[in-house]
Amino acid sequence: MKKSTLLLILCFQLILANGQEVETLNPSSVHLLDFSEKAKAEWAQRDTLMSKLASNRLKWDEMSKEEQVLMEKFGEVYEDIWDIVGGGCSWYCGGGPHKVSASSFLKSQGKISYAPKNAHDLNYKNAWVEGSDAYGIGEYLEYKFTAGSPRITKIKVVNGYVKSETAYQNNSRVKQLKVYLNDKAFAIFNLEDKIACQSFNFEPIGEKTDWILKFEILDVYKGDKYDDTAISEIYFDGIDVH
């Protein structure tokens, strides 16, 4: 057998083997997010009730049934409509990356930043927007963790620029996201084109040395106005905390 033919066979086998190792996953859950004017008004009402409860100007039994339902709907631990984790106990009490970087990002527009840190500020309002001249295929985010960081069992993606329906539709969103663990392909996420938190569950991810999760854009849903592709948030849940 010629060396060139043997080399082609070996390369083909390697491609097949790598393809078998990388799972293509659909989200295990999709939680729709509501940032409509009606939702903002309800949050403003909740903030007023919270202020009155905190200052003892109002007691729970004095609230109407509708007000109690509103408080139960939004809870007491979240700062505002954009707050992702809130002030209660979570994996972030002891977990999380120490640095987030990206292959590129769009230049700031006035006071609005599109920096990589926006994809992990635990705030729905801000977004990372890649800075390429096209749709950002091949652009990526990197999350760096220190040795022994609490392990991850869930990766949550808030796809697109979700601060408003207009911003979401005008900008491009990710259709497929390739995930790497320490530069080794780990999984491919199929993302739905929805203003939502999309969760992907795993066996615990973590390393005894410093480690990196990389998220690379493979395909996009094209925006109505801009080719810029946005990700509002990629954040985590897991174990080894508390």
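A complete count under the given rule lists 13 aromatic pairs for this structure. Ring centres of Trp-43 and Phe-74 lie 4.5 Å apart, and the angle between their planes is 40°; on these two criteria the pair is classed as tilted. Remark: Phe-74 occurs in helix 3 (residues 65-74) and Trp-43 occurs in helix 2 (residues 37-54); sequence separation between them is 31 residues. By relative accessible area, which is 10% here, Trp-43 ends up buried. An angle of 80° between the planes, with centres 5.5 Å apart, marks the rings of Tyr-143 and Phe-215 as edge-to-face. One end of the pair, Tyr-143, is in strand 5 (residues 140-145); the other, Phe-215, is in strand 10 (residues 211-221), and 72 residues separate them in sequence. Residue classification places Tyr-143 among the buried positions, given a relative accessible area of 0%.

Our next topic: the confidence of the model for the protein chain. When pLDDT is low, close inspection of the predicted coordinates is not appropriate. On average, residues of the protein chain score 92 in pLDDT, and 92% of them are at 70 or above. Contacts from residues 1-20, a stretch scored under 50 in pLDDT, to residues over four places away or in other chains number two contacts.

Going through the model one piece at a time under the given rule, you end up with six salt bridges. Where Glu-37 meets Lys-40, a salt bridge forms, and the shortest distance between an N and an O atom there is 3.6 Å. Taken together, the residues span about one helical turn, with Glu-37 and Lys-40 both in helix 2 at a distance of three residues. A relative accessible area of 60% places Glu-37 in the exposed class. In this structure Lys-40 comes out as partly exposed when scored by relative accessible area, which is 29%.

Within the secondary structure, Asn-118 is located in the loop between strand 3 (99-102) and strand 4 (128-129). Of the residues examined, Asn-118 reaches a relative accessible area of 6% and is grouped as buried. Within the local environment of Asn-118, its side chain forms a polar contact with the backbone oxygen of Ser-113, the two atoms lying 2.8 Å apart.

Attention now goes to the side chain of Asn-171. Position of Asn-171 among the secondary structure elements: in the loop between helix 4 (165-170) and strand 7 (173-181). Once you skip the residues sitting within four places of it in the chain, Asn-171 turns out to touch Tyr-161, Gly-223, Tyr-226 and Asp-228.

Looking now at helix 3. Among the residues making up helix 3, those that are buried are Gln-68, Leu-70, Met-71 and Phe-74. Down the axis of helix 3, the sector holding all buried residues measures 160°, keeping them to one side. Residues of helix 3 that are exposed and point more than 90 degrees away from the buried face comprise Lys-65, Glu-66, Glu-72 and Lys-73. Where the residues of helix 3 are buried, they touch helix 2. Of the residues flanking the end of helix 3, it is Gly-75, one or two places downstream, whose phi is positive at about 75°.

Here we take up the sheet that holds strand 9 (residues 196-205). Spatially, five strands are ordered 2-9-6-11-4 in an open sheet, and the strand pairing comes out antiparallel. Looking at strand neighbours, the two that pair on one side only are strand 2 (29-32) and strand 4, the edges of this open sheet. Bridge analysis of strand 6 (residues 152-159) against strand 11 (residues 230-238) gives seven bridges, and the strand direction is antiparallel. Within the sheet, the bridge partner assigned to Ile-155 lies in strand 11 and is Phe-236.

The strand order across the open sheet built from six strands is 1-8-7-10-5-3, with neighbouring strands paired in mixed fashion. Either end of the sheet is taken by a strand with one partner, and the two such strands are strand 1 (23-25) and strand 3. Across the sheet, the axes of successive neighbouring strands diverge by a mean angle of 25°, strand direction being ignored. The sheet contact formed by strand 1 and strand 8 (residues 184-190) spans three bridges and is parallel. Pairing of Leu-25 across the sheet is with Phe-189, part of strand 8.

A few words on the pairing of strand 8. The side chains of a regular strand alternate, first on one face of the sheet and then on the other. The pairing of strand 7 with strand 8 spans six bridges and is classified as antiparallel. Counterpart to Val-179 in the pairing with strand 8 is Ala-187. Between strand 7 and strand 8, which pair antiparallel in sequence order, lie two residues; one of them, Asn-182, sits at a positive phi of approximately 50°.

Let us look at the environment of Ser-103. Position of Ser-103 among the secondary structure elements: in the loop between strand 3 and strand 4. Classification of Ser-103 as partly exposed rests on a relative accessible area of 31%. Each C-alpha atom of the pair Ser-103 and Glu-216 lies 9.4 Å from the other, and the pair is 113 residues apart in sequence. Once residues lying within four places of it in the same chain are set aside, the contact partners of Ser-103 are Glu-139 and Tyr-140. Looking at Ser-103, its side chain comes within polar contact range of the side chain of Glu-139, at 2.6 Å.

Cut-offs used in this document
Residues numbered from 1 in each chain as written. Predicted model: local features only at pLDDT ≥ 70, side-chain atom pairs only at ≥ 80, totals over all residues. Heavy atoms only, no water. Phe/Tyr/Trp six-rings, centres within 6.5 Å; stacked < 30°, edge-to-face > 60°. Helix = DSSP H or I, 4+ residues; strand = E, 2+ residues; numbered from the N terminus. Buried < 20%, exposed > 50% of the residue type's maximum accessible area, 1.4 Å probe, protein only. pLDDT = per-residue confidence, 0-100. Contact = heavy atoms within 4.5 Å. Salt bridge = Lys/Arg side-chain N within 4 Å of Asp/Glu carboxyl O. Polar contact = N/O pair within 3.5 Å; in protein donor to acceptor, adjacent residues only side chain to side chain. Arc of directions from axis to C-beta. Pairing = 2+ DSSP bridges. Axes fitted to C-alpha atoms, helices over the stretch in contact; angles between N-to-C directions.

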